[in-house]
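Spelled out, the chains give:
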Amino acid sequence: MEEQKKKKVQMSRKDNWLHAGIVVKVVTKKLGDKYYKKKAIIKDVIDKYTAVVKMVDSGDKLKMDQTHLETVIPAVGKAVLVVNGPYSGSEASLVSIQQNKFSGTIEISKGLLRGKVLDRIAYEDISKMDTAPM
């Protein structure tokens, strides 16, 4: 039974994770120090691996590949979006962080699964949601 569950989770994982409305961090040095390690908000997803991001501090808009971005983990209690796995697209709140396991516990906050608590969700499978008004 446990093997079937693991297989189902693996089948639902995708190699693309970009979603509009999430906060990401630029992790490429190719753009210089102005953008390196800075936060941005995904404004539009162009294709599976490319998005238009707006830098939080400067307001600059850039077209970026997902390999140059990483997810951002917010403070406990803040809103996250599940960006990969069987619950991809679900809005949730971060309940706790397990730093030694690079994972967190989340509670789904909208939809049919509202209230469901999910343990050991990998950092790369969730990202902080942009809560600023558009």
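All residue numbers refer to positions counted from 1 along the written sequence of the respective chain. This being a predicted model, a pLDDT of at least 70 is required before a residue's local features are given, and a value of 80 or more before pairs of side-chain atoms are given or counted; all residues contribute to the totals for chains, interfaces and linings. Hydrogens are left out, water is left out, and the side-chain values use all remaining heavy atoms of the structure.

## Some thoughts on the sheet that holds strand S2 (residues 39–47)
Argument step 1. By definition, two strands form a pair when at least two bridges between them are found by DSSP. For the purposes of this entry, the term helix denotes a DSSP run of H or I that reaches at least four residues, the term strand denotes a run of E that reaches at least two, and both are numbered from the N terminus. Reading across from one edge, S4-S3-S2-S1-S5 is the order of the five strands in this open sheet, with antiparallel pairing throughout. Two strands close off the open sheet at either side, each with one partner strand: strand S4 (61–65) and strand S5 (69–71). The mean angle between the axes of side-by-side strands here comes to 45°, regardless of whether they run parallel or antiparallel.
Argument step 2. Note that strand S1 (residues 23–26) and S5 share three bridges and pair antiparallel. Paired with lysine 25 across the two strands is glutamate 70, which belongs to S5. All axes are obtained by fitting lines to C-alpha atoms, using only the stretch in contact for helices, and the reported angles, taken between N-to-C directions, cover 0 to 180 degrees.

## Considering the side chain of threonine 105
Argument step 1. Examined against the element boundaries, threonine 105 turns out to sit in strand S8 (residues 103–108).
Argument step 2. Only 2.7 Å separates the side chain of threonine 105 from the side chain of aspartate 119, close enough to count as a polar contact. A 3.5 Å cut-off defines polar contacts: any pair of N or O atoms within that distance qualifies, except that in protein one atom must be a possible hydrogen donor and the other a possible acceptor, and neighbouring residues in sequence count only when both atoms are side-chain atoms.

## Notes on the pattern of salt bridges
Argument step 1. One side-chain nitrogen of Lys or Arg within 4 Å of one carboxyl oxygen of Asp or Glu is enough to make a salt bridge. Applying the stated criterion to the full structure yields three salt bridges.
Argument step 2. A salt bridge links lysine 34 to aspartate 60, with the nearest nitrogen and oxygen atoms 3.1 Å apart. You can see lysine 34 sitting in the loop between S1 and S2 and its partner aspartate 60 sitting in the loop between strand S3 (50–55) and S4, a full 26 residues away along the chain.
Argument step 3. The exposure class assigned to lysine 34 is exposed, which follows from its relative accessible area of 51%.
Argument step 4. Relative accessibility under 20% of the residue-type maximum defines a buried residue, over 50% an exposed one, and the middle range a partly exposed one, all with a 1.4 Å probe and only protein chains included. Aspartate 60 sits in the partly exposed class, given a relative accessible area of 23%.
Argument step 5. Measuring nitrogen to oxygen at the nearest pair gives 3.2 Å for the salt bridge that ties glutamate 91 to lysine 110. Of this pair, glutamate 91 sits in strand S7 (residues 91–98) while lysine 110 is found in the loop between S8 and strand S9 (117–122), placing the two residues 19 residues apart along the sequence.

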